[in-house]
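Results of the structural survey
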Protein chains: 2
Amino acid sequence: MSEIPVAERAARIEYAIRDVVIPANALEAEGHEIIKLNIGDPIAYPGLPTPTHMVRAFQDSLSRGETGYSPSYGLPSLRSEIAKDERGKGWNCSPDDVYVCHGVTEALQIIFTATLESGTKVLAPGPHYPPYMAYPQLFGAETIEYRLDAGDGWRVDFADIEAKMDESVRILVLINPNNPTGNVASSDEIDRLISIAEKWPNCMIIADEIYDELDFTGTQTSVASRSKSVPVFTLNGVSKGYYAPGWRIGYMALHDPTKRLGAVRDGIERLLRSRLCASTPAQMGYLAGLEQSRDWMQEYTQKVLSQRDLCLQRISEIDGLEVESPGGAFYMFVRLTDSKWATDDKKFVLDLLHNEHVLVVHGSGFSKEMGLGHFRLVYLADCDVLSEAFDRIDRFLQRSR
Amino acid sequence: MSEIPVAERAARIEYAIRDVVIPANALEAEGHEIIKLNIGDPIAYPGLPTPTHMVRAFQDSLSRGETGYSPSYGLPSLRSEIAKDERGKGWNCSPDDVYVCHGVTEALQIIFTATLESGTKVLAPGPHYPPYMAYPQLFGAETIEYRLDAGDGWRVDFADIEAKMDESVRILVLINPNNPTGNVASSDEIDRLISIAEKWPNCMIIADEIYDELDFTGTQTSVASRSKSVPVFTLNGVSKGYYAPGWRIGYMALHDPTKRLGAVRDGIERLLRSRLCASTPAQMGYLAGLEQSRDWMQEYTQKVLSQRDLCLQRISEIDGLEVESPGGAFYMFVRLTDSKWATDDKKFVLDLLHNEHVLVVHGSGFSKEMGLGHFRLVYLADCDVLSEAFDRIDRFLQRSR
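Not measured: the values here are computed from a predicted model.

Some remarks on the side chain of B:Lys121
All names here are of chain B. Considering the arrangement of structural elements, one finds Lys121 in strand E3 (residues 121-126). In terms of polar contacts, Lys121 uses its side chain to reach the side chain of Asp166, at 2.7 Å. For Lys121, the contacting residues outside a window of four places in its chain are Glu142, Ile144, Asp166, Ser168, Val169, Arg170 and Ile171.

Describing the packing of helix H4 (residues 52-63) of chain A against helix H11 (residues 280-291) of chain A
Each pair of packed helices can be summarised by the angle the axes make with each other and by the distance between the axes. Residue and element names in this part refer to chain A. Running from amino to carboxyl end, H4 crosses H11 at an angle of 145°, the nearest separation of the two axes being 7 Å. Classified by chirality, the crossing of H11 by H4 is right-handed. Where H4 abuts H11, its residues His53, Met54, Ala57, Phe58, Ser61 and Leu62 lie against Pro281, Ala282, Met284, Gly285, Ala288 and Gly289. Looking at side-chain class alone, the contact of H4 with H11 contains eight nonpolar, four polar and no charged residues.

Brief notes about the sheet that holds strand E14 (residues 374-378) of chain A
Residue and element names in this part refer to chain A. An order of E10-E11-E14-E13 is seen for the four strands of this open sheet, with the pairing classed as antiparallel. Across the chains shown, the open sheet's two edge strands, defined by having one partner strand only, are strand E10 (321-323) and strand E13 (361-362). Relative to strand E11 (residues 331-336), E10 runs antiparallel, the two being bridged by three bridges. Residue Leu321 lies in a different strand from E11, and its bridge partner there is Leu336.

Thoughts on the packing of aromatic side chains
Residue and element names in this part refer to chain A. As enumerated under the stated definition, the model contains 38 aromatic pairs over all chains in all. A centroid spacing of 4.9 Å and a plane angle of 80° characterise the contact between Trp296 and Tyr300, whose relative ring orientation is edge-to-face. Here the residue Trp296 and the residue Tyr300 both occupy positions in helix H12 (residues 296-317), the gap between them amounting to four residues, near one helical turn. Aromatic side chains Phe333 and Phe366 sit 5.9 Å apart centroid to centroid with 85° between the ring planes, which places their arrangement in the edge-to-face category. Residue Phe333 is located in strand E11, and its partner Phe366 is located in the loop between E13 and E14; the two are separated by 33 residues in the primary sequence. For Phe366, a relative accessible area of 1% puts it in the buried group. Aromatic rings pair up to connect Tyr242, Tyr243, Tyr286, Trp296 and Tyr300 into one cluster. For Arg79, the ring lying beneath its charged end belongs to Tyr99, and the centroid distance is 5.4 Å.

As for the relation of the copies chain B and chain A
Here two copies of a chain appear, and what relates them is a rotation about an axis with a shift along it. The operation relating chain B to chain A is a screw motion whose rotation component is 180°, with 0.0 Å of axial translation and a residual RMSD of 0.0 Å. What we have between these two chains is a two-fold relation. Within chain B, the C-alpha atom positioned nearest to the axis of rotation is that of B:Gln59, 2.8 Å from it. Here 100% of the interface residues in chain B have copies in chain A that are interface residues too; the copies meet face to matching face.

Re the environment of B:Ser279
Among the secondary structure elements, B:Ser279 is positioned in the loop between helix H10 (262-274) and helix H11 (280-291). Once residues lying within four places of it in the same chain are set aside, the contact partners of B:Ser279 are A:Gly246, A:Trp247, A:Arg248 and B:Ile249. Of note is the side chain of B:Ser279, whose polar atom sits 3.3 Å from the backbone nitrogen of B:Ala282.

Remarks on the environment of B:Ala10
Within the secondary structure layout, B:Ala10 lies in helix H1 (residues 8-11). In this structure the C-alpha to C-alpha distance between B:Ala10 and B:Gln137, which are 127 residues apart in sequence, comes to 9.3 Å. Discounting chain neighbours no more than four positions away, the residues touching B:Ala10 are A:Thr113, A:Ala114, A:Gly267, A:Arg270 and A:Leu271.

Topic: the state of the cysteines
Considering all chains together, one arrives at zero disulfides over all chains under this definition. Looking at A:Cys101, it has no disulfide partner, and the nearest cysteine sulfur is the one in A:Cys277, 11 Å off.

Details of the packing of helix H14 (residues 345-356) of chain A against helix H15 (residues 383-399) of chain A
Residues and elements named next belong to chain A. At a minimum axis separation of 10 Å, H14 and H15 run at an interaxial angle of 110°. It follows from the interaxial angle that H14 and H15 lie roughly perpendicular. Touching Phe348, Asp351, Leu352, Asn355 and Glu356 of H14 are Arg392, Ile393, Arg395, Phe396, Leu397 and Arg399, all from H15. Looking at the contact of H14 with H15 residue by residue, the class counts come to five nonpolar, one polar and five charged.

Some words on the domain arrangement of chain A
Residue and element names in this part refer to chain A. Domain annotation for chain A reports domain 1 (8-49 + 296-399) and domain 2 (52-291). Taking only C-alpha atoms, the centre of domain 1 and the centre of domain 2 are 25 Å apart. In this complex, domain 1 contributes 38 residues to the contact, which on the side of domain 2 involves 39 residues. Around 3000 Å² of area is buried between domain 1 and domain 2 when both sides are counted, 66% of it from carbon and sulfur atoms. Our enumeration of links across domain 1 and domain 2 arrives at 15 residue pairs in polar contact (both at pLDDT 80 or more). When contributions to the side of domain 1 that touches domain 2 are tallied by element, the ones reaching two or more residues are helix H2 (16-19), H12, E11 and E14. At seven residues, the largest contribution of residues to the side of domain 1 that touches domain 2 is made by H12.

Describing the confidence of the model for chain A
Detailed reading of the predicted coordinates is not advisable wherever pLDDT falls low. Confidence along chain A averages 96 in pLDDT terms, with 100% of residues attaining 70 or more. Interface confidence for the predicted complex, expressed as ipTM, amounts to 0.96; the pTM equals 0.97.

Structural notes on the interface of chain B and chain A
Taken residue by residue, the interface counts 78 residues in chain B and 78 residues in chain A. Of the roughly 6400 Å² buried where chain B meets chain A, counting both sides, 57% is carbon and sulfur surface. Area buried by chain B at its contact with chain A is led by B:Ile4, B:Arg18 and B:Tyr69, which between them contribute 13% of it. At the boundary of chain B with chain A, the tally comes to two salt bridges. For the salt bridge of B:Arg273 with A:Asp19, the shortest nitrogen-to-oxygen distance reads 2.6 Å. Here chain B is connected to chain A by 41 residue pairs in polar contact (both at pLDDT 80 or more). Where the side of chain B that touches chain A is concerned, the elements lending two or more residues are H1, helix H2 (16-19), helix H4 (52-63), helix H6 (103-115), H10 and H11 of chain B. Sorting elements by how many residues they give to the side of chain B that touches chain A places H10(B) first, with eight residues. Among the residues making up the side of chain B that touches chain A, the classes are represented as 40 nonpolar, 23 polar and 15 charged.

What counts and what doesn't
- Residues numbered from 1 in each chain as written.
- Chains lettered and ligands numbered in written order.
- Predicted model: local features only at pLDDT ≥ 70, side-chain atom pairs only at ≥ 80, totals over all residues.
- Heavy atoms only, no water.
- Helix = DSSP H or I, 4+ residues; strand = E, 2+ residues; numbered from the N terminus.
- Polar contact = N/O pair within 3.5 Å; in protein donor to acceptor, adjacent residues only side chain to side chain.
- Contact = heavy atoms within 4.5 Å.
- Axes fitted to C-alpha atoms, helices over the stretch in contact; angles between N-to-C directions.
- Left-handed = near helix turned anticlockwise from the far one by under 90°.
- Nonpolar A, V, L, I, M, F, W, Y, C, P; charged D, E, K, R; others polar.
- Pairing = 2+ DSSP bridges.
- Phe/Tyr/Trp six-rings, centres within 6.5 Å; stacked < 30°, edge-to-face > 60°.
- Buried < 20%, exposed > 50% of the residue type's maximum accessible area, 1.4 Å probe, protein only.
- Lys NZ or Arg CZ within 6 Å of the ring centre and 35° of its normal.
- Least-squares fit on C-alpha atoms with pLDDT ≥ 70 in both.
- Disulfide = S-S within 2.5 Å.
- Parallel < 35°, antiparallel > 145°, perpendicular 65-115°, else oblique.
- Domains from an automatic or database assignment.
- Buried area = accessible area lost by both parts, 1.4 Å probe.
- pLDDT = per-residue confidence, 0-100.
- Salt bridge = Lys/Arg side-chain N within 4 Å of Asp/Glu carboxyl O.

See the structure below:
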């Protein structure tokens, strides 16, 4: 008998960040040690543990027996604290606007399920975090990329957005700080984005602000705080700025300044109820992170920043690499200047892995067009590990010339 | 400006078990105490806490700093232990066949995403757990119900399945023990189900066995253990039999006896990688539950069983109620014999809630056709609470005559 067919939408899913783990695991199984700079997981590297007060709050919740289901939209105490945090970012967020999910990933799945139809579009930055391409097509929709300017710090190209907007664009995405480039949009740029979106009555904005606590520029601004016209889904959570990605807790917060999200909100709430709830005790850990002092973040950010600076220094000295300095998050999107790799960054990544046992992610995994000839590097490892990785990358580039 | 349209698929989602919580919450906000017998959450009731050794293992994992991402398919140690457990149920399950999810709910979402196309069907029992109706339509597929025999313990009606099978049926669902009826299928019945499915080359079986540790008959059998021809997705997890629903850890295990799931498995793995992973430390708590002694389960089951027996006794004494004795899980699906409620069980549920402050779920929320004139009752509360609930139900029935 022949194979049972897979649904085409599932066969089309790509997630470059974990797809490259498969050959790396094969090498590890043979006994090789791999320097892994592919996954944005601070816990995978020493020196950036989840803060103790958050871990303890999670454990205390377990000790109190809080192991049953929680309300589908999130624990009221957590929704309230998240709303307070968002209000501190400059917009009128109520606890009822906040919905707690299994990380930002589930929030994205739910937003797309509730808003996209066959023939609609998502306009997302190129390059972008892969689910923005992978998920809309599950619902017959299409993701179109707008250009980030590779030669100017990966800033948003507004002319390109304007040229690509039409009535079928249901969602305009801003990832700020951006993954994979680290670009931070200014408030003027955000205002410009909103002014473009507001010309199209069915267009909403997804503001993916999961890296907002990792802003080196001091200028990162909430999109919701600037919008008086366009509905905004703000995405954030415990994974990155609070250093607990394995807890799987994130949220969406709905900003609806012109009261047009009633039906969409009802659809989102139906979807949330059908899937029960996010982890109950993990929500208590996140609550502690939001409620208690965040002074610890400065030290963490300083560590990340010193690692960024080392990488920038090393790249400036290596023939064959160029990079725009990232203003936030913990990624850089490195350009391979040798024409040899300009159209085959995946071969670069796999050859580097096999020859030098350093794992990064091919740029085309973040944008088939605008990521070509690049790779994404996560700079969460200690400086000596990063330095060793650059020694190997340099050696590889010299040998492959 | 007018409202932004919701995607029709999201507007159609219903999840009766939590939809009825909305009016109950409104009453609670007014200061009323509600006896809630609507949600299958053992932790919501006293006397059935998550076992201490599992809680401690979860906490220990947090203490060890296991708060980063884990592999997308699950921690290798947990996949291995689940495979061992499934082998103990009689089929050759390898760790690679096991995929850990955010509960059975996410496993269902992923299976449907990877297998359904527009024009395909899911054949599910009527009545059934609501997501079996809510999710296939997300992908343009349709759920058709096969009849469970209300007059004969809610046994599967095989003639009805045979009449409804055709080449568009991609998935045949068995929930065993069944939610909401508590029926346990015998191994002969399972064999008959498999022999029907094997006539249709693209038909797979979902065996939802999340209640298999709550089997009062001693006859519950793994579907995968009986199938030599039809691919089976076995679903299970920590929520019910291990009394930790708020941890959100479940799994699917793929049984592929004729090696026809290659493409489907690839699609499932792509989807799993794109959504990162299930909670890392929670997986360690489940692992402890699987590895260590399960002697504690006997006492828990005895408590649940004595509550079932009290309910059966009370129902037999109340004019207006009838029920088939459940063989497993912790639900019963009660028939309202007064013709007044025969086509409006939702009104019964809402009137009972408002008049007597007892919350159950309307039967039509589990099957528009076969659930009419019924309600689902969760018998996890203590006997004195259940007894008080039946006093109120009796009084309500008498007054409403």
